[in-house]
Amino acid sequence: MKNGYFLFLMTMALLTGCAQFAGRSRYTEEDVKRANIGQSKAFNVDTSSLLRIDLNEALEGDLINETDVLDTMLFIPLETTPESIIAYPSKIMMTDDRIFVLDSEHNIVIFDNNGRYISSLKKGQGPGEINKLMSVSYNYLEQQLMVIQNKWIMYYDKDGNPIDKGIKCAFTCKEFAAIPSGFIFFHFVSCNRHLGPQAEKALFLTNSDMNILNTGIDVLSQNNVICCIDNITRYNGSYFISQFYNDTIFCVSENGGPALKAKYLLDYSSCKAPDSESEDRVGKFYNNGSVLENATSQIFFFTCIRKGIFVVVRDKGTGHTMGGYKFDCDGFPEYLASAKTQHGEYFVSVLQPFKGMECSSPAVSPESNAKLKGLTEEDNPVLVLYKLKQF
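Keep in mind it's a predicted model, so treat the numbers as computed, not measured.

Chemist: Account for empty space enclosed by the protein, naming residues and giving values.
Modeler: Across all of its chains, the model carries one cavity of 30 Å³ or more by this definition. Estimated volume of the largest cavity: approximately 50 Å³. Taken together, Thr 233, Arg 234, Tyr 235, Phe 240, Val 291, Leu 292, Glu 293 and Gln 342 make up the lining of the largest cavity. Listing elements by their share of the lining of the largest cavity, those giving two or more residues are strand S20 (230–235) and strand S24 (285–293). Of the residues that constitute the lining of the largest cavity, the class distribution is four nonpolar, two polar and two charged.

As structure tokens, then:
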């Protein structure tokens, strides 16, 4: 999955930056005092509604047939102008009228919901400009774009105009989200040793003043490699929290509070990759730490040793699952594997356009296909919005 690859590169760049500060923390004693981690408490993990999801049979699959899962597919070409050119999108956030794209070169570009270019956040060291980007998120409640750069969370309106001087952050993070009472963060443990032993947990919950209130979730490793891919995704007023190697998916309500809910437990015991390199891992699976969900469907992403990305789709109504490495599709076979977010009833993927691009799938209307006419390899990526049917 390309988004995982670029997230990995971005993570490595940040870890390298952390290493450069080893022995000379860039955070002051005042920064550490403001974080107030010494007064924080461990998350109260609520397991009362934990749902076990059996994925063993789905992971024995090889091919997902488009006609079995695909209901509707729509296209949004992102307008190509000298100001709007983007590299491969590593993160996408959508509202009813805006599309926010973070690309693999740390550009943040804003489009309307038809893909027309609106603005870009400028790089530089002036007021409102981006320098040393760490993470980006969107506050859906306040309709604000949030960017962590250097040691600050900066705020922008939905058109990219700076609207606040920002708030200082006392730690380095990789994923974050706003809740009414403050923020939730996946942070870089190796970068935040200045906070002391309580920063050994991967997840922080803070108030709006950036005081750390709760900590939780262990930093995981496999074969002595520390987990560095963590995800926070939003659906229906909750933020879903997932990690590479972690078979439990947690959630925090957008309404806040100290409770961390253990939402799903993924069961793939029959084909799970062993911890030890000395054991046979060929054909076995790692949980990729990525899950997307809407009202009717879920998509889980796995990595199979020597075979690559494996996708499992689940119908929430029937509980049925289906998985595969490949997709029998008359249109674009990679649309499932490149899914990055969800918006309403649709999942959202990215495709690089090419000359003569057209999708022959019956799930695509002539009007949607017409939007692809005239695109070439030089144009910006196309967003693919697809809805899954019940099965």
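The rest of the description comes next.
Chemist: If you had to explain the packing of aromatic side chains to someone new, which residues and values would you point to?
Modeler: The tally for this structure, following the rule as stated, stands at 17 aromatic pairs. Both rings, one in Phe 171 and one in Phe 185, keep their centres 4.9 Å apart while their planes meet at 90°; by these two values the pair is edge-to-face. With Phe 171 in the loop between strand S13 (162–168) and strand S14 (173–179) and Phe 185 in strand S15 (residues 182–187), this residue pair connects regions lying 14 residues apart in the sequence. Each member of the pair, Phe 171 as well as Phe 185, carries the same accessibility label: buried. Feature note: the residues Phe 171, Phe 176, Phe 183, Phe 185 and Phe 204 constitute an aromatic cluster, connected by ring pairs.

Chemist: Give a description of the sheet that holds strand S5 (residues 70–77) that names residues and reports values.
Modeler: Strands sit in the order S5-S31-S30-S29 across an open sheet of four strands; the sheet is antiparallel. Of all the strands in the sheet, just S5 and strand S29 (341–343) have a single pairing partner and so form its edges. When strand polarity is set aside, the average angle formed by the axes of neighbouring strands in this sheet is 35°. Sheet topology places S5 next to strand S31 (residues 382–388); seven bridges connect them, and they run antiparallel.

Reading guide: rules and limits
Residues numbered from 1 in each chain as written. Predicted model: local features only at pLDDT ≥ 70, side-chain atom pairs only at ≥ 80, totals over all residues. Heavy atoms only, no water. 1 Å grid on protein atoms, 1.4 Å probe; cavity = no way out; pocket = protein on both sides within 12 Å on 5 of 7 lines; lining within 4 Å. Points joined across faces, edges and corners; volume = space filled by probe spheres on them. Helix = DSSP H or I, 4+ residues; strand = E, 2+ residues; numbered from the N terminus. Nonpolar A, V, L, I, M, F, W, Y, C, P; charged D, E, K, R; others polar. Phe/Tyr/Trp six-rings, centres within 6.5 Å; stacked < 30°, edge-to-face > 60°. Buried < 20%, exposed > 50% of the residue type's maximum accessible area, 1.4 Å probe, protein only. Pairing = 2+ DSSP bridges. Axes fitted to C-alpha atoms, helices over the stretch in contact; angles between N-to-C directions.

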